[in-house]
Amino acid sequence: MDGDYVIGGVFSMHSNMHTVKHNYTTMPEPLNCAGSINSRGLRFSRAMVFAIEQINNSTELLPGIKLGYEIYDSCASVSVAVHVAFQLSGGLDPVFNTGDKCSKSGMVMAVVGASESTPSISMSRIIGPFNIPQVSHFATCACLSDKQQYPSFFRTIPSDQFQADALAKLVKHFGWTWIGAVRSDSDYGNNGMASFLHAARKEGICVEYSESFYRTHPRSRIQRVADVIRRSTAKVVVAFISTADMEILLEELSRKPSPPRQWIGSESWVTDRDMLKFSFLAGAIGFGIEKSVIPGLRDFLLDLSPSKVADSTLLTMFWEEAFNCRL
């Protein structure tokens with residue numbers, strides 16, 4: 001939507017991308033998302049639209065000024081996030097400026113997102129030098145608190161340092177002193193797990209194994225991690241994993257039954273209702289983001305007519321999910 005000032009939005013509405021093998025004889029095809037829609041990411045994007053409309057309709061907040069937005073799907077991919085960052089910082093200005101100074105007419109005033117730490121870091125490296133403020137709602141890596149490296153990055157969610165300390169105390173509280181650990185091989189997983197293991201050692205907790213993987217790794221790597229979990233003597237597994245990676249791991253574990261495990265989850269996946277389809281996750285515990293009630297948002301999420309949403313399946317999904325949104 002156009003406006004006097006445009007705000008960029010970057011959300012993970014898909015968790016995968018089409019795999020393309022380049023032959024280097026033709027131009028690469030555009031990056032495309034794949035898989036089913038992430039309902040939580042879609043709700044986040046709709047919440048941004050709702051907030052901007054509330055501001056535009058207010059006579060007190062920014063009178064006489066209309067905010068616009070450009071919202072993109074990052075596909076939970078670093079390469080797409082980088083592409084979007086250049087898009088937001090350069091815009092679609094059809095006029096080529098031949099002068100000494102850029103008009104900045106196509107540049108957004110600020111960016112909301114991204115939904116993961118590594119894409120947020122990649123975007124910050126690009127838009128930071130242009131002093132474009134970036135505010136993430138879901139990037140929790142403690143590394144992003146470094147203002148020397150990320151001076152224009154802000155967030156509305158706590159750093160993982162707090163969560164790591166709390167998870168260690170939670171494990172200690174239940175007397176679980178022999179555990180396994182698995183993480184996403186990303187900034188989010190590696191930094192978060194490092195903080196947790198440091199806190200766990202202080203609490204006298206012993207770790208049998210610490211494994212990592214990423215959703216783009218070969219299946220053999222993911223199978224190996226699943227086999228380590230199955231063969232381990234530790235009955236408690238602490239998983240500092242993104243939602244997309246966790247789903248892949250759980251699908252691999254479901255192929256071959258394993259002894260019951262007590263799962264301890266980071267906020268990325270433990271609050272995701274889509275994980276309920278895995279019955280062996282019953283009893284998983286962790287820390288979630290504090291729920292807030294935003295007046296009018298629930299009705300706004302439900303106000304999706306077929307003219308606004310072309311896919312009737314998406315419309316049905318949104319009706320079912322909106323009543324249980326966690327913001």
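A brief look at the structure comes next.

What counts, and at which threshold
Residues numbered from 1 in each chain as written. Predicted model: local features only at pLDDT ≥ 70, side-chain atom pairs only at ≥ 80, totals over all residues. Heavy atoms only, no water. Disulfide = S-S within 2.5 Å. Buried < 20%, exposed > 50% of the residue type's maximum accessible area, 1.4 Å probe, protein only. Helix = DSSP H or I, 4+ residues; strand = E, 2+ residues; numbered from the N terminus. Expected span 1.5 Å × (residues − 1). Arc of directions from axis to C-beta. Pairing = 2+ DSSP bridges. Contact = heavy atoms within 4.5 Å. Axes fitted to C-alpha atoms, helices over the stretch in contact; angles between N-to-C directions. Parallel < 35°, antiparallel > 145°, perpendicular 65-115°, else oblique. Left-handed = near helix turned anticlockwise from the far one by under 90°. Nonpolar A, V, L, I, M, F, W, Y, C, P; charged D, E, K, R; others polar. Phe/Tyr/Trp six-rings, centres within 6.5 Å; stacked < 30°, edge-to-face > 60°.

1. What to know about the state of the cysteines
Turning to step 1, where the next piece is worked out: Counted under the stated rule, the structure contains two disulfides.
Turning to step 2, where the next piece is worked out: Covalently, Cys141 is tied to Cys143 through a disulfide, its sulfur atoms 2.3 Å apart. Disulfide Cys141-Cys143: torsion about the S-S bond near 130 degrees, hence right-handed.
Turning to step 3, where the next piece is worked out: When its relative accessible area of 0% is taken as the criterion, Cys141 is described as buried.

2. Some thoughts on helix α4 (residues 160-173)
Turning to step 1, where the next piece is worked out: End to end, α4 covers 20 Å across 14 residues, agreeing with the expected 20 Å (1.5 Å per residue, within 8%).
Turning to step 2, where the next piece is worked out: Turning to α4, its buried residues number three or more, namely Asp160, Gln163, Ala164, Leu167, Ala168, Leu170 and Val171. Down the axis of α4, the buried set is contained in an arc of 160 degrees. They therefore lie on one face. Among the exposed residues of α4, those oriented more than 90 degrees off its buried face are Phe162, Lys169 and His173.

3. A word on the sheet that holds strand β11 (residues 262-265)
Turning to step 1, where the next piece is worked out: Strand order in the open sheet formed by five strands is β9-β8-β10-β11-β12, with parallel pairing between adjacent strands. Taken across any chain shown, the strands that pair with only one partner, and hence form the sheet edges, are β9 (206-213) and β12 (285-286).
Turning to step 2, where the next piece is worked out: The sheet contact formed by β11 and β12 spans two bridges and is parallel. Residue Ile264 lies in a different strand from β12, and its bridge partner there is Ile285.
Turning to step 3, where the next piece is worked out: Seen against the sheet, α4 touches β8 (178-184), β10 (236-240), β11 and β12 and runs at an angle of roughly 155 degrees to β11.
Turning to step 4, where the next piece is worked out: Sitting on the sheet, helix α6 (residues 219-231) is in contact with β8, β9, β10 and β11, with an inclination near 160 degrees to β9.

4. Some remarks on the packing of α6 against helix α7 (residues 243-254)
Turning to step 1, where the next piece is worked out: Where α6 contacts α7, the two axes come as close as 9 Å, and the packing angle between them is 65 degrees. In terms of axis orientation, α6 runs roughly perpendicular to α7. Crossing handedness for the pair α6 and α7: right-handed. The segment α6 lies against α7, with Arg219, Ile222, Gln223, Val225, Ala226, Ile229 and Arg230 engaging Ile248, Leu249, Glu252 and Leu253.
Turning to step 2, where the next piece is worked out: Among the residues making up the contact of α6 with α7, the classes are represented as seven nonpolar, one polar and three charged.

5. What about the packing of aromatic side chains?
Turning to step 1, where the next piece is worked out: Counted under the stated rule, the structure contains five aromatic pairs.
Turning to step 2, where the next piece is worked out: Ring centres of Phe44 and Phe138 lie 5.5 Å apart, and the angle between their planes is 55 degrees; on these two criteria the pair is classed as tilted. Taken together, the residues Phe44 in helix α1 (residues 39-57) and Phe138 in the loop between β6 (134-136) and β7 (153-155) connect sequence positions 94 residues apart.
Turning to step 3, where the next piece is worked out: A ring pair is formed by Phe174 and Trp176, whose centres lie 4.8 Å apart and whose planes are at 20 degrees; its orientation type is stacked.
Turning to step 4, where the next piece is worked out: A residue is classified by how much of its surface remains accessible, and Phe174, at 44% relative accessible area, is partly exposed.
Turning to step 5, where the next piece is worked out: Taking relative accessible area as the criterion, Trp176 reaches 21% and is therefore assigned partly exposed.

Fair warning: the whole summary comes from geometry, so function is off the table for now.
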